[in-house]
Amino acid sequence: MNARRLFSLILVLILLVTLAGAAGSAPLAGPCVPGAAYDPACDANQDGTITVNDIQLTAGHWNQTGTFVSDSNHTHLGQTWTGANNPIKIQGAFGAPDHAPLVLSNSTGTGLRITSATNNGVQVDSAGDAGVQVSSAGINGVAVLLAGSSGVYVESVASTGVYVDSAGDDGIYVRAAGSPTTQFSSGNNNGFEVAGAQGDGLYVGRADHQGVYVSSAGWDGVQAQSASAGHFGGRFLNQVNGGGGVRAEGGSNEAPDLVLGGFGAEDDGRIYSEPSLSGSDILFYSNDVVQIDLDEDNNSTSAFNIRNGANTVVWTVSETGLAVAAGASATAVTTDEHDQRLLYAVHSPQPWFEDFGSGQLVDGEAVVLLEPIYAATIETTPSYHVFLTPLGDCALYVADKTPAAFTVRAVDDKPCAVAFDYRIVALRKGSAGQRLEAFAAPAD
């Protein structure tokens, strides 16, 4: 009897060991088990110990006990996760329909908010397509309120660094980059807005094509304003030898390519060479005509002035075409043996036109016709002046003058047959009464 009881007890023990072995071959525990070897990925609260609370945090099983396996259909709403040096990582291959490891949707607020970052607010080391993509946003597509380093940092992308498909306000909004002296926010819905930046509002270190490209704009393609008298509203620098600094093209041949000035009726458009370089020149090159239109709006008396270093007008051309020089007028003539020499113009109190020619007396008389085109440019009433030089032993005089010709005769009606030269001096047509007029150089 005792042997029978002992045998039964042995069978029960064998059965229990068998069941225990079967349970050990199919454990219920998942990859994160309380009391297991320490794995930082399982230590959700980063307290150095893996407990049931850590498993609950990772698996989303609340108010439960035991060992849990993480699933793919749970929420972590209202949780706050803290820790150091153990980031949340999402790895894998994510195909249709979202093609993304993280998809956020919020019908009443912000899609993703980073309240503070010591370094970069959002950093993308590498992306095959868009580094950051926002398909639709009711307010800003991307808004960075404060970041210790870059608000959005994109290391490398094959396509677009930051892509915002639709935003109800600004596509990308930066309230403050660094510690700007002041901030100004626009009331418009902008694609990219920087309210304040301690450094550059937009900095492009290198672009293989355009640094900033605007395909179409309803107003100005690029507008820049500066609040510093020592700086510029816009500055363009090309460091490549032979490369141009600025290129501007209007919408048509009649449209302006460059407009200067614009703060008021008396605001001049000015072009300076580099003020800090005493040898800095301004050069204009043209493959054809260089044209200056004075008084384009035809509402004043305008002039083209040239000033010297003392800011004195030394040469001017009025809107009527009157050219006035403060110094002598000269022509540089190149000689065969004496290089270039200056020949000076003869000036007069009145605007005279001259013509020269030669004639021949026949039986003591000659009629000289005025060249018709020359006659059309001069005043013939009052009459013009004629100066004669006989080329022989015969005294000559002007017997008659008409608007079309003058008559030359020998003194005492001698039947001379000598040749002669003549010089005609006449007032410019329409200049009668002009003589030593008062003049003051036109002011700005």
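Procedures and definitions
- Residues numbered from 1 in each chain as written.
- Predicted model: local features only at pLDDT ≥ 70, side-chain atom pairs only at ≥ 80, totals over all residues.
- Heavy atoms only, no water.
- Helix = DSSP H or I, 4+ residues; strand = E, 2+ residues; numbered from the N terminus.
- Buried < 20%, exposed > 50% of the residue type's maximum accessible area, 1.4 Å probe, protein only.
- Contact = heavy atoms within 4.5 Å.
- Areas by Shrake-Rupley, 256 points an atom, 1.4 Å probe, with all protein chains shown as cover.
- pLDDT = per-residue confidence, 0-100.
- Pairing = 2+ DSSP bridges.
- Axes fitted to C-alpha atoms, helices over the stretch in contact; angles between N-to-C directions.

## Some thoughts on the overall build of the protein chain
Next up, step 1: Helices and strands together make up the secondary structure of the protein chain, namely three helices and 18 strands.
Next up, step 2: Within the protein chain, buried positions represent 16% of all 444 residues.
Next up, step 3: A sequence separation of at least 24 residues applies to 48% of the contacts in the protein chain between residues at least 6 apart.
Next up, step 4: When the accessible surface of the protein chain is totalled, it reaches about 33,800 Å², and 52% of it is carbon and sulfur.

## Digging into unusual backbone geometry
Next up, step 1: Look at N298: it is not a glycine, yet its phi comes out positive at around 55°.
Next up, step 2: By the element assignment, N298 lies in the loop between β7 (192-194) and β8 (303-307).
Next up, step 3: Relative accessible area serves as the criterion here: at 61%, N298 is assigned to the exposed category.
Next up, step 4: One non-glycine residue, D412, adopts positive backbone phi at about 65°.
Next up, step 5: Under the relative-accessibility criterion, D412 is labelled exposed at 65%.

## Quick look at the confidence of the model for the protein chain
Next up, step 1: Here the protein chain averages 80 in pLDDT, and 80% of its residues register 70 or above.
Next up, step 2: pLDDT under 50 marks residues 15-30. Its contacts with residues more than four places away, or in other chains, come to six contacts.

## Brief notes about the sheet that holds strand β17 (residues 405-410)
Two pairing modes exist for strands in a sheet, parallel and antiparallel, and in both the strands are linked by backbone hydrogen bonds.
Next up, step 1: Here three strands make up an open sheet; going across it, the order is β14-β17-β16 and the pairing antiparallel. Both outer strands of the open sheet, β14 (365-369) and β16 (396-401), are each paired with one neighbouring strand and no more. Shown here is a sheet whose adjacent strand axes are inclined to one another by a mean of 25°, direction ignored.
Next up, step 2: Sheet topology places β16 next to β17; five bridges connect them, and they run antiparallel. Each residue of the ladder has a partner; that of K401, found in β17, is F406.

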